[in-house]
Every structure is written in structure tokens, then in C-alpha cells.
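Spelled out from the first residue to the last, the chains are:
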Amino acid sequence: MRNLDYVGLGNQRQMLDLYLPDAKADKPHPLVVYIHGGGWETGSKDEADVLAELIKGGTPYAGASINYRLTDQAPWPAQIHDCKAAIRWLRAHAQEYNLDPDKIAVFGISAGGHLVSMLGVTGGVKELEGTLGQHLDQSSRVSCVLDFCGPSNFLTFGGKGSVIDPDDPKGAMAKLIGGPLKDRQDVARNASPVTYITPDDAPFLIIHGDKDPLVPYAQATEFDAALEADHIPSTLLTGTDGGHVFLSGPLFERMNAFNARHLQGKNVQIPEGAVPSK
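Residues numbered from 1 in each chain as written. Predicted model: local features only at pLDDT ≥ 70, side-chain atom pairs only at ≥ 80, totals over all residues. Heavy atoms only, no water.

A. Structural view of the overall build of the protein. Secondary structure summary: the protein contains eight helices and nine strands in total. Taken against the 2.2 N^0.38 rule, which gives 19 Å for 278 residues, the C-alpha radius of gyration of the protein at 17 Å falls within 12% of a compact globule. Reported as C-alpha extents along the three principal axes, the dimensions of the protein are approximately 55 × 45 × 35 Å. Within the span of the protein, comprising 278 residues, buried residues form 56% of the whole. Within the protein, counting contacts between residues at least 6 apart in sequence, those at least 24 apart form 76% of the total. Surface exposure of the protein reaches about 11,500 Å², of which carbon and sulfur atoms provide 50%. Side chains of the protein carry 24 positive and 34 negative charges; the gap between the two charge centres is 2 Å. (Helix = DSSP H or I, 4+ residues; strand = E, 2+ residues; numbered from the N terminus. Rg over C-alpha atoms; globule rule 2.2 N^0.38 Å. Buried < 20%, exposed > 50% of the residue type's maximum accessible area, 1.4 Å probe, protein only. Contact = heavy atoms within 4.5 Å. Areas by Shrake-Rupley, 256 points an atom, 1.4 Å probe, with all protein chains shown as cover. Lys, Arg positive; Asp, Glu negative; His and termini not counted. Charge placed at Lys NZ, Arg CZ, Asp CG, Glu CD.)

See the structure below:
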């Protein structure tokens, strides 16, 4: 189901696609929500091949892929306001589409990884909810988070081997936070998932290549340690010789196991540590 308007203003950047299983089910479908990457300045909900792999035949899941406003339309926090509005819309329409409102996983790559991480740690942060859409009575909390190479702390991003200069006024990060990092420290902190960690946050699967040239691998290790320090379940998968985005059979197996554990209640283990990047 294409171009469902989760805000109601007719903006293409505030629409989502919904993927429903062909077979009718007695129980509501757990939902996997995909948020695309692209440095917050490019990308589309149409780029959902990885989502398709996670919800393909044999799983009980429905899927959603969302657009959000890019930085040429609006800077932070417009992006998280949109993502939260989408989650509220999906929860409000759960009965209509036979979705389980209590079983929502969010999965994102790169900039999308950043946004799903924000969803995972800001369920109770009122100032980041925004006022978009008709369903402000609904919660934007999620059940679990699959964060694939997303930035987690903009204040510690620089100097860790990335080709991205946080102080480049024309760079993707500056476009997100409204200027070079050195001049926008408060906004950078506000936009960093690590800022909001509390013990009631969702469990995380963090996936990151140890040779990522864009988002430093240190972003993953710092975030994983911070989550565990607050006793939030966090599993870090390190792509051996992995670049910014990598896909492999063993990686999908662990992603599927993570979803099965948190969306279906299955007693499965997700081995932490190295995972082949090819």
C-alpha cells in the first residue's frame, strides 16, 4: 500500500509504504519499520530491499518504509518529529491493518540508523515528539531497534577516521544541525542518541563495519557501552573488514533471530561479536 500520508498535509516526504502479508492471520502481525539512509539529505522509502529480506515469506511480519523530511526542507529536529508521527500513525491504524501495536521493530541504515536509535531512546522525551498528525494520543515507543552503522554521538564523531568533517559548513552533518559542529554543540547534543539513554529504553542490535570510512566504528562501541551501562540489552555485531554498509547471510540470520526474540518471544540467542561482511 503506497504513499499513506501519516501527517495529512500531502507532503511526499511525510508518507509511508505498508507491506502486508498475503495470507490472513488469526493474530495481528508484528511490524518491522524501515528508515532509509542518505545522510539526511537524500534517499527514499522506495529503497526497501533490505526490509523485504527481513519480512519475506515464512515470517509473520508486516513491514513499513517511511519517508521523512530531508535537510533541504527542514533541519533537525524535523526528521525525528516525522519518524515519531509515522510510528503514532501506524499504531493508530493497527487494528485496520491487523498489526500488533505492541510489537514494532525499527531498522535503519546510516542516517536511518541514527533515526531508529533516536526512536529507541526517546520514547518518553516530550520535546522530541513534535505535534504532527492526528494521533498525538498514541505512543511513539518501539519494541526493539536494529541500528546499522548509524551515528550515535555527534560530539565524539570527529577525529576517529571518518572522511566526514563535522565542521564542514557544507557537509551532511552541518546541514542536519544547522551549521558546523563547533558552532552548534547544543543542537548536536540534542540530536545524539547517547544523550537520552534511560533504563526503560528498547533493546538494541548494533551493526557496524570495523573499516567504516564514513561513520566511525567507535560510534558503535561507545553507544553499545553506554546502553549496557544503563542495563539496556545491547548486542554489537562487528562486520569483519566491513565498510559503511555490508550484507551477508550470517548477518541476516542474526537480524532475523533478534526480531524473532523481541517480536515473537522466541528463546533464541544472538551471538555477539564478529560477523562476516561478505
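Don't stop here, the text continues.
B. Highlighting the layout of surface pockets. Of the volumes computed, that of the largest pocket is approximately 160 Å³. Taken together, 13 residues make up the lining of the largest pocket; nearest its centre are Gly 39, Trp 40, Ser 110, Ile 164 and Val 215. (1 Å grid on protein atoms, 1.4 Å probe; cavity = no way out; pocket = protein on both sides within 12 Å on 5 of 7 lines; lining within 4 Å. Points joined across faces, edges and corners; volume = space filled by probe spheres on them.)

C. Main features of the sheet that holds strand E7 (residues 204–209). The nine strands are arranged E1-E2-E4-E3-E5-E6-E7-E8-E9 in an open sheet whose pairing can be described as mixed. Looking at strand neighbours, the two that pair on one side only are strand E1 (4–5) and strand E9 (273–276), the edges of this open sheet. Here strand E8 (residues 234–240) pairs with E9 via four bridges, running parallel. Its bridge partner being in E9, Thr 240 is matched across the sheet by Pro 276. (Pairing = 2+ DSSP bridges.)

D. Spotlight on the pattern of salt bridges. Counted under the stated rule, the structure contains 13 salt bridges. Between Lys 56 and Glu 53 there is a salt bridge whose closest N-O contact spans 2.8 Å. By relative accessible area, which is 45% here, Lys 56 ends up partly exposed. A salt bridge links Lys 182 to Asp 183; the nearest nitrogen and oxygen atoms lie 3.4 Å apart. (Salt bridge = Lys/Arg side-chain N within 4 Å of Asp/Glu carboxyl O.)

E. Representation of the side chain of Arg 13 in the model. For Arg 13, the position within the fold is in the loop between E1 and strand E2 (15–19). Although Arg 13 is buried, it makes no salt bridge; Asp 72 carries the closest opposite charge, 6.9 Å away. For Arg 13, the residues in contact, after removing those within four places along its chain, are Tyr 6, His 36, Gly 43, Ser 44, Asn 67, Tyr 68, Arg 69, Leu 70, Gln 73 and Asp 82.

F. Local environment of the environment of Pro 233. Turning to its location among the elements, Pro 233 is positioned in the loop between helix H7 (217–229) and E8. Considered as a pair, Pro 233 and Phe 204 are 29 residues apart in the sequence and their alpha carbons are 6.3 Å apart. Setting aside chain neighbours within four positions, we find Pro 233 in contact with Pro 203 and Phe 204.

G. Just the packing of aromatic side chains, in detail. Summed over all chains, the structure comprises five aromatic pairs. Measuring from centroid to centroid gives 5.4 Å for Tyr 34 and Phe 107, while their planes differ by 40°, and the two rings are tilted. Of this pair, Tyr 34 sits in strand E3 (residues 29–35) while Phe 107 sits in strand E5 (residues 99–109), placing them 73 residues apart in sequence. Note on Trp 40 and Phe 154: the rings are 5.8 Å apart at their centroids and 65° apart in plane angle, and the pair reads as edge-to-face. Of this pair, Trp 40 sits in the loop between E3 and helix H1 (49–54) while Phe 154 sits in the loop between strand E6 (144–148) and helix H5 (172–177), and the two are 114 residues apart along the sequence. (Phe/Tyr/Trp six-rings, centres within 6.5 Å; stacked < 30°, edge-to-face > 60°.)

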